[in-house]
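Report on the structure
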There are 2 protein chains.
Amino acid sequence: MKYFITGGAGFIGSNMADRLLSELENEVVVYDNFSTGRREFLEDALKNERFTLIEGDNLDEEKLKESMKGCDFVFHFAANADVRMGTEHPEKDLKQNTIATFNVLEAMRANNIKRIGFSSTGSVYGEATVIPTPEDAPFPIQTSLYGASKLACEGLLAAYAEGFDFQVYIFRFVSILGERYTHGHVFDFCKKLKDDPTQLYILGNGKQRKSYLYVKDCMEAILTVIRNADEKVNIYNLGTDEYCEVNDSVGWISKRLGVDPKLSYAGGERGWIGDNPFIYLDTKKVRSLGWKPKATIEEGVVKTVEYLMSNPWVFEARN
Amino acid sequence: MKYFITGGAGFIGSNMADRLLSELENEVVVYDNFSTGRREFLEDALKNERFTLIEGDNLDEEKLKESMKGCDFVFHFAANADVRMGTEHPEKDLKQNTIATFNVLEAMRANNIKRIGFSSTGSVYGEATVIPTPEDAPFPIQTSLYGASKLACEGLLAAYAEGFDFQVYIFRFVSILGERYTHGHVFDFCKKLKDDPTQLYILGNGKQRKSYLYVKDCMEAILTVIRNADEKVNIYNLGTDEYCEVNDSVGWISKRLGVDPKLSYAGGERGWIGDNPFIYLDTKKVRSLGWKPKATIEEGVVKTVEYLMSNPWVFEARN
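Residues numbered from 1 in each chain as written. Chains lettered and ligands numbered in written order. Predicted model: local features only at pLDDT ≥ 70, side-chain atom pairs only at ≥ 80, totals over all residues.

1. Some words on the interface of chain A and chain B
- On the chain B side, the residues contacting the 30 residues of chain A number 30 residues.
- For the side of chain A that touches chain B, the secondary structure elements donating two or more residues are α4 (90–110) and α5 (145–164) of chain A.
- Broken down by element, the residue count for the side of chain A that touches chain B peaks at 11 residues, all from α5 of chain A.
- Residues belonging to the side of chain A that touches chain B are distributed by class as follows: 17 nonpolar, 9 polar and 4 charged. (Contact = placed C-beta atoms within 7 Å. Helix = DSSP H or I, 4+ residues; strand = E, 2+ residues; numbered from the N terminus. Nonpolar A, V, L, I, M, F, W, Y, C, P; charged D, E, K, R; others polar.)

As structure tokens, this is what we get:
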């Protein structure tokens, strides 16, 4: 199988590239504009003759179409993943998520590629009324531009399944942690504590409850689903069967770093506008296919801290 | 109050313009690109000094911003409403629905206008598993590009409510009938029977069950909601408490026209890809505000046929 991965130089995408290349029958084409992706993440992949790297943007429709030629399956991971800053630049979610996804689908159609795996988010549930939240939870009300744009993408995928006979796999992720993680609160905390181990300022009240999944568990979950689920539209929550408070993760991070910072809080239930004080997904559906995560949330956080400590270059700001 | 109506020269928009102008305290600005709107629909409004017509497109961001100046409330009705042909030109729903709605919201933000009423659709429920379908039905799977684009718009509105302190009113319509109706199956049937009263070819098997709402009842429902519901995000199904089969409406139309056509069927449960064989919305929520429809579905169909017979000019194709 020849896989095409948008955002393949990013956290999720590069992990998927490596995972797919570990199977000798697979070829991988990574397409990335390197706005947040890192060439370093593809160090191993670039040594593999079954791997091709194309620098390109999903808003460049012609290049996207051209680059996808001959592929069998598309993983569409490229996205604006900056959940917090949606209100600073609302057009970013529209362009980089909704319109980019439309372009990916159109490029697939032009190349007669019919199968796609897509990274959606638990944020599409807004502030869920049912927790743990199953895939068929009550019709949600969006609370962030990010969630709204991902929901728009999900709708496009499903409509292409119906209208153009695509087979689509939609993964609603909790936050993902692990090797190459470079974005989100564990990253922010590690960076701040590296600069000043004596204190840590926390958005919200620290009691926001979050669920995390370790990236390698996430990769196995995705492959389990695309190899076993066979509906036209396949929607799966991906997460662990547990959650933690932001304060718990601060404890694990501090312990692993060997620091004891004085904590201070911005206060309030939410870390930012649209922050969800409790994301916890029901993962019965994916478990029913035989998958289960190997790492606990604590183990995922610790692996992430270890990765960040061994790779201090990821802290160098590039924007 | 000064109301801004996108798509104000269309079926729904022009009815709303007239309805609002019937109250002496209201001013109305209609913004329409006349791609499907009709100047004739604004004949009465144009005589009113409290009315302004601006010819403009929602993809023209600057003109949109400029035109909205000084308004208090926006009705966003402009849309590509061609549910059936989505797969012929998928970019149409993206541009004219999703991106246009984004532009409307941004223009509101630029003008510090915070309240919007939006025409969504029962199609966002896909093939609903709960019928009659309430607003908080299980998280639906989209089946049409049209429904997917309207869902994308709903998400944007809700995210603007959360992120920018908007107050949004989302109306999930069944099909609307009545004066100025120029689009959909009652229109198609009347047109065909006008050309040849001896036969009628019906898409699907004629057993598709549909619910319809008479346009003047629809206007009252919308005003009831925006004047009484006061959440940040207000989502209301609008429809009648009954449904009919396509075959029933064929009977009512034929009777009113005094014709007896030989019927033939394309067959199949669906009239077209993404057609929903049964749309029937639960309207308890809007009824709880004191609204109820005055016309039955049959009365709505008959009023529509009478309108079309008195206004044969609407059959002149313009595209």
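Next comes the rest of the description.
2. With respect to the relation of the copies chain A and chain B
- Of the transformation superimposing chain A on chain B, the axial component is 0.0 Å and the angular component is 180°, with the fit at an RMSD of 0.0 Å. Here the copies are linked by what is in effect a two-fold axis.
- Comparing contact sets, 97% of the residues at the interface of chain A also lie at the interface in chain B, consistent with an isologous, same-surface contact. (Least-squares fit on C-alpha atoms with pLDDT ≥ 70 in both.)

3. Some remarks on the confidence of the model for chain A
- Of all residues in chain A, 97% have pLDDT values of 70 or greater, and the mean over the chain is 94.
- Listed scores for the predicted complex are pTM 0.94 and ipTM 0.92. (pLDDT = per-residue confidence, 0-100.)

4. Overview of the sheet that holds strand β5 (residues 115–121) of chain A
Residues and elements named next belong to chain A.
- Across the sheet, 7 strands lie side by side as β3-β2-β1-β4-β5-β6-β11; this open sheet has parallel pairing. Looking at which strands have only one partner, the edges of the open sheet turn out to be β3 (51–55) and β11 (233–238). For this sheet the average axis-to-axis angle between neighbouring strands, irrespective of direction, equals 15°.
- Sheet analysis places strand β2 (residues 27–32) next to β3, joined by 5 bridges and oriented parallel. By the bridge assignment, V30 is partnered in β3 with L53.
- Helix-sheet contacts for α5 involve β5, β6 (167–173) and β11, and the interaxial angle to β5 is about 155°. (Pairing = 2+ DSSP bridges. Axes fitted to C-alpha atoms, helices over the stretch in contact; angles between N-to-C directions.)

5. Brief notes about helix α6 (residues 185–195) of chain B
- Regarding α6 of chain B, the residues found buried are H185, V186, F189 and C190 of chain B. Taken end-on, α6 of chain B shows its buried residues confined to a sector of 135°, consistent with a single buried face. (Buried ≥ 20, exposed ≤ 12 C-beta atoms within 10 Å, placed from the backbone. Arc of directions from axis to C-beta.)

6. Quick word on the pairing of strand β1 (residues 2–6) of chain B
Residues and elements named next belong to chain B.
- Burial of β1 is extensive: 4 of the 5 residues sit out of reach of the surface.
- The pairing of β1 with strand β2 (residues 27–32) spans 5 bridges and is classified as parallel. In the sheet register, T6 faces β2, and the bridge partner there is Y31.
- Handedness of the β1-helix α1 (residues 11–21)-β2 crossover: right-handed.
- Examined bridge by bridge, β1 and strand β4 (residues 73–76) share 4 bridges and lie parallel to one another. In the strand pairing of β4, I5 is matched with F75. (Right-handed = clockwise from strand over helix to strand, strands pointing away.)

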